[in-house]
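Here are the chains, one letter per residue:
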Amino acid sequence: KQILKTDVFGKRYVYMDTTESTNLEARYLAQQGAEEGTVVVTEEQAAGRGRLSRGWYSPFGKGLWFSLILRPDFAPVEAPKCTLMAAVALTKAFHKMGLTDAGIKWPNDILVNGRKLVGILTEMSGSMEEISYIVMGIGVNVKTKQEELPEELKLIATSLTMEGIDIERTEAFKIILESLEHQYYEVLDSGFEETLNEWRQLSVTLGEEIEVRAPGNTYEGVATDIDEDGNLLVRIPDGTVKRIMAGDVSIRPR
Ligand code: ADP
């Protein structure tokens, strides 16, 4: 097996054979003062998580399961847009690898022909005034084969290998971290506007009929755009436009 190493986004690397969850580990390190750019990477997660406490399947040696610590000095209300930024950076990285069909499902899933290639879980710590740190957890299915997927993921997950992209994890990691770093510094230099425009270009959600499932409230409509905060705008049949915040809802195509 190969140790994942690069020296791009990551003044500091923490590599682990196995861990509960890289986000948990990274949060712990961030609380101890770990610097921006610290990357926690593992071969497998025993309890990888998605949003809304759903599980993330992270088998040994098959993917890039990692978390990145950021300490941006922008306002906490901007933090949710980091998730969209990550999705943009990753999608561009896949395009670079030759996977041109990769697109973004709002807010942050990366899909290929409707199947999920990547999950992103962003967690922030701080006050209303100041971000202490952001931990960005990213899971990329790289080497997983169709027959290895657990039953419940057989129709909804994909991997680089399954999409015919033959690339070593170290190489994929390098391309992804470079892309994340590039996107992050562009945001720090010039704000989120250009990144949100790129998000719109790369999205597979905009223009689609979707079903929104919020706790105790399900409705249908057309996803028309995202606003400057990264919220999804959905026009429901009576013409009203609903503004949906990431984190508390699931959407699915109709
Ligand atoms: P959502 O797409 O609803 O936002 P999450 O971001 O919370 O979902 O991701 C968790 C979901 O992703 C799980 O409920 C499961 O359906 C799916 N999933 C879990 N592990 C993987 C994986 N390795 N690859 C693709 N999909 C996965």
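Let me sum up the structure you'll find in this document. (Residues numbered from 1 in each chain as written. Predicted model: local features only at pLDDT ≥ 70, side-chain atom pairs only at ≥ 80, totals over all residues. Heavy atoms only, no water.)

### Focus on helix α4 (residues 193-202)
No. 1: All of the buried residues in α4 are Thr195, Leu196, Glu198, Trp199 and Leu202. Seen end-on, α4 carries its buried residues on one side only, within an arc spanning 160 degrees. In α4, the exposed residues that point more than 90 degrees away from the buried face are Glu193 and Gln201. (Buried < 20%, exposed > 50% of the residue type's maximum accessible area, 1.4 Å probe, protein only. Helix = DSSP H or I, 4+ residues; strand = E, 2+ residues; numbered from the N terminus. Arc of directions from axis to C-beta.)

### Some points on the pairing of strand β11 (residues 241-244)
No. 1: Pairing of strand β10 (residues 232-235) with β11 involves 4 bridges; the strand directions are antiparallel. Along β11, the bridge assignment pairs Leu233 with Arg243.
No. 2: Counted between consecutive antiparallel strands, the loop separating β10 from β11 contains 5 residues, among which Gly239 sits at a positive phi close to 95 degrees. (Pairing = 2+ DSSP bridges.)

### Considerations on the side chain of Ser159
No. 1: Mapping Ser159 onto the fold places it in the loop between β7 (131-141) and α3 (169-190).
No. 2: Once you skip the residues sitting within four places of it in the chain, Ser159 turns out to touch Leu117, Asn141, Val142, Lys143 and Thr144. (Contact = heavy atoms within 4.5 Å.)

### Re the pairing of β10
Note on strand geometry: in a regular strand, side chains alternate between the two faces of the sheet.
No. 1: Across 4 bridges, strand β9 (residues 217-226) lies against β10 in antiparallel orientation. Its bridge partner being in β10, Ala223 is matched across the sheet by Val234.
No. 2: Two successive antiparallel strands, β9 and β10, enclose a turn made up of 5 residues, where Gly230 displays a positive phi of approximately 90 degrees.

### What about the sheet that holds strand β1 (residues 13-19)?
No. 1: The sheet built from 7 strands is open, its strands ordered β1-β2-β3-β7-β6-β5-β4 with mixed pairing. Every other strand in the sheet has two partners, leaving β1 and β4 (102-105) as the edge strands with one partner each. For this sheet the average axis-to-axis angle between neighbouring strands, irrespective of direction, equals 20 degrees.
No. 2: Both β1 and strand β2 (residues 39-45) contribute to a ladder of 6 bridges, which runs parallel. (Axes fitted to C-alpha atoms, helices over the stretch in contact; angles between N-to-C directions.)

### Here we look at the nonpolar core
No. 1: Formed by 59 residues in total, the largest nonpolar core has its most connected members in Phe66, Phe94, Met97, Leu160, Ile176 and Leu180.
No. 2: The biggest single contributor to this core is helix α2 (residues 80-96), with 10 residues.
No. 3: Aside from chain neighbours lying at most four places away, what touches Met97 is Leu160, Ile165, Ile167, Ala172, Ile175 and Ile176.
No. 4: Met16, Ala30, Val40 and Ile69 belong to the second largest nonpolar core, which has 10 residues in total. (Core = buried A, V, L, I, M, F, W, Y, C linked by side-chain atoms within 4.5 Å.)

### A few points about the packing of aromatic side chains
No. 1: For the coordinates displayed, the defined rule picks out 4 aromatic pairs.
No. 2: Centroid distance Phe66 to Phe173: 4.9 Å. Interplanar angle 65 degrees. Geometry classified as edge-to-face. One end of the pair, Phe66, is in strand β3 (residues 63-70); the other, Phe173, is in helix α3, with 107 residues separating them in the sequence.
No. 3: An aromatic cluster is defined as three or more aromatic residues linked by ring pairs; in this entry it consists of Tyr13, Phe66 and Phe173.
No. 4: Directly above the ring of Tyr219 sits Lys242, whose terminal nitrogen or CZ lies 4.9 Å from the centroid. (Phe/Tyr/Trp six-rings, centres within 6.5 Å; stacked < 30°, edge-to-face > 60°. Lys NZ or Arg CZ within 6 Å of the ring centre and 35° of its normal.)

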